[in-house]
Amino acid sequence: MWGSLRSSISFVTDGIFSRISGFKALGCSADILAELEEELIRADFGPSVAKEIVEVAKNTVSRDDALARISNYIEKELSLYEKRFDMSCENGLRVIIFAGVNGAGKTTTIGKLGASFVRYGKKVRFIAADTFRAAAVSQLEVWAERVGANMTSAGISADPSSLVFEGIQSAVNLKEDVVLIDTAGRLPNKNSLMDELGKIVRVAEKQRDKYGDIFVEKMLVLDSSTGQHASVQAEKFKSSMGGDDISIIMTKLDGSAKGGTVLRIARESGLPICLVGTGEGVSDFAQFDATEFSKLLCGMDNK
Ligand SMILES: Nc1nc2c(ncn2[C@@H]2O[C@H](COP(=O)(O)OP(=O)(O)OP(=O)(O)O)[C@@H](O)[C@H]2O)c(=O)[nH]1
Ligand SMILES: [Mg+2]
């Protein structure tokens, strides 16, 4: 139902280590290890993970040996942060709040996920709690129409948390299965906007406390192609959304040559990754899978 990682991300063809000349012939000499470290930094693993991986590659006897060990290491590390996203809504209403900086991919991700829930036979509602821009509301409306979701929206400058309240009420009354809340893109240093996000979460959680069978989930949507500040973002979003129970969705992996970002961000934020975005189309996303991802990074076939 969802797209595959393999077919859509740009570093998959040969793996990130394919540029290392002489790797094959020489095994892991000091020169090769230095080149490996450079390649790891270029792929955005960050200096500390790069050093760990170089350690893993030391004393390996061949390219295949090195790649197998590196891949195992990355897989082991990434699996600590892998979180399955299931499509079930058996126990009650799922309310999923999407947050992140401007342009991270929140609205697009909601459209894609909404389409999947609808295909699973679920009744879906979108709440357009991004009330800053008229274009944001109409973008979500287009998705809602396209995928067959219901929609709660209001005019520009409407209070986002009132809209969230109203939308959850409608979902409860109409016995819907899942509510996906689109919030405005916000920079973590804008305190009033971050407070507003906290309020949205609290309104949703109050409804949960009132009805009991509502489950509130929080998603931080991060653009993997601008990964450098992601861990700072994660900290701020954690504190404004309250708690550590936030999952990451990494978008735009298709446009990124830097697969190492994923491990770096997971490590730095301490948050699990559940989904990855791999394009602009409705099926262009995938469950984050540590095994598949590490093998793709290392250019290894995992069939
Ligand atoms: N290549 C690629 N493009 C994506 C992906 N996800 C989103 N986009 C594109 O990124 C741009 C921004 O996406 P939006 O979904 O509007 O982002 P947003 O977080 O809702 O943005 P704001 O509402 O402005 O904060 C759009 O052009 C999307 O089509 C992805 O996984 N891959
Ligand atoms: Mg948006």
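Just so it is clear, the model here is predicted, and its values are computed rather than measured.

1. Overview of the sheet that holds strand β7 (residues 273-277)
Okay, step 1: A sheet is described by the order of its strands in space; here 8 strands give the open sequence β3-β2-β4-β1-β5-β6-β7-β8, paired in mixed fashion. Two strands in the sheet have a free side with no partner beyond their single neighbour: β3 (150-152) and β8 (285-287). Ignoring which end each strand starts from, the neighbouring axes of this sheet average 25° apart.
Okay, step 2: Bridging between strand β6 (residues 246-251) and β7 involves 3 bridges; their strand directions are parallel. The residue of β7 that forms the bridge with I248 is I273.
Okay, step 3: The sheet strands contacting helix α7 (residues 134-147) are β2 (124-129), β3 and β4 (178-183), and the helix crosses β2 at an angle near 175°.
Okay, step 4: The strands touched by helix α9 (residues 191-211) are β1 (93-99), β2, β4 and β5 (214-223); relative to β5, the strand with the most contacts, the crossing angle is about 155°.

2. Quick word on the packing of α9 against helix α10 (residues 230-241)
Okay, step 1: Between α9 and α10, the least distance of the axes is 8 Å, while the angle of their chain directions is 50°. When the axis of α9 is compared with that of α10, the two are oblique. Where α9 approaches α10, its residues M194, L197, G198 and V201 are matched on the opposing element by K236, F237, S240 and M241.
Okay, step 2: Residues belonging to the contact of α9 with α10 are distributed by class as follows: 5 nonpolar, 2 polar and 1 charged.

3. What to know about the UniProt feature "domain: SRP54-type proteins GTP-binding" (unreviewed entry) in the protein
Okay, step 1: The residues that UniProt annotates with the feature "domain: SRP54-type proteins GTP-binding" (unreviewed entry) are residues 272-285.
Okay, step 2: The span residues 272-285 carries 0% helix and 43% strand; its end-to-end C-alpha distance comes to 16 Å.

4. Let's talk about the packing of aromatic side chains
Okay, step 1: In total, this model carries 2 aromatic pairs according to the counting rule given.
Okay, step 2: Between the aromatic rings of F85 and F117, the centroid separation amounts to 6.1 Å while the plane-to-plane angle is 65°, which identifies the pairing as edge-to-face. With a gap of 32 residues between them, F85 in the loop between α5 (63-79) and β1 and F117 in helix α6 (residues 106-119) connect regions that are remote in the sequence. Of the two residues, F85 and F117, neither departs from the other in class, the shared state being buried.
Okay, step 3: Its guanidinium or amino end placed over the ring of F85, R94 lies 5.0 Å from that ring's centre, counting from NZ or CZ.

5. Quick word on the site of ligand 1
Okay, step 1: Inspection of the region around ligand 1 gives 20 residues, with K106, T107, T108, D254 and E280 positioned closest.
Okay, step 2: Contacts to ligand 1 include T107, whose side-chain N or O atom sits 2.7 Å from an oxygen atom.
Okay, step 3: Within the backbone of G185, an N or O atom sits 3.3 Å from an oxygen atom of ligand 1.
Okay, step 4: Protein chains bury 80% of the 650 Å² of accessible surface belonging to ligand 1 in isolation.

6. What to know about the environment of G185
Okay, step 1: Its place among the elements puts G185 in the loop between β4 and α9.
Okay, step 2: Taking the C-alpha atoms as reference, G185 lies 9.3 Å from G105; in sequence the two are 80 residues apart.
Okay, step 3: Dropping the residues within four chain positions of it, G185 is found in contact with G100, V101, N102, K106 and D130.

7. Things to note about the pairing of β2
Okay, step 1: Here β2 lies mainly inside the structure; 6 of its 6 residues are buried.
Okay, step 2: Judged by which residues are buried, β2 turns out to be covered on both faces: V124, F126 and A128 on one side and R125, I127 and A129 on the other are all buried.
Okay, step 3: Where β2 meets β4, 6 bridges bridge the pair, whose relative direction is parallel. When the sheet's bridge partners are listed, F126 is paired in β4 with L180.
Okay, step 4: Bridge analysis of β2 against β3 gives 3 bridges, and the strand direction is parallel. Across the sheet, residue I127 finds its bridge partner in β3, namely T152.
Okay, step 5: The handedness of the β2 to β3 crossover, carried by α7, is right-handed.

Scoring rules and cut-offs
- Residues numbered from 1 in each chain as written.
- Chains lettered and ligands numbered in written order.
- Predicted model: local features only at pLDDT ≥ 70, side-chain atom pairs only at ≥ 80, totals over all residues.
- Heavy atoms only, no water.
- Pairing = 2+ DSSP bridges.
- Helix = DSSP H or I, 4+ residues; strand = E, 2+ residues; numbered from the N terminus.
- Axes fitted to C-alpha atoms, helices over the stretch in contact; angles between N-to-C directions.
- Contact = heavy atoms within 4.5 Å.
- Parallel < 35°, antiparallel > 145°, perpendicular 65-115°, else oblique.
- Nonpolar A, V, L, I, M, F, W, Y, C, P; charged D, E, K, R; others polar.
- UniProt positions renumbered as here; feature names shortened; annotations may be inferred.
- Phe/Tyr/Trp six-rings, centres within 6.5 Å; stacked < 30°, edge-to-face > 60°.
- Buried < 20%, exposed > 50% of the residue type's maximum accessible area, 1.4 Å probe, protein only.
- Lys NZ or Arg CZ within 6 Å of the ring centre and 35° of its normal.
- Near = heavy atom within 4 Å.
- Polar contact = N/O pair within 3.5 Å; in protein donor to acceptor, adjacent residues only side chain to side chain.
- Areas by Shrake-Rupley, 256 points an atom, 1.4 Å probe, with all protein chains shown as cover.
- Right-handed = clockwise from strand over helix to strand, strands pointing away.

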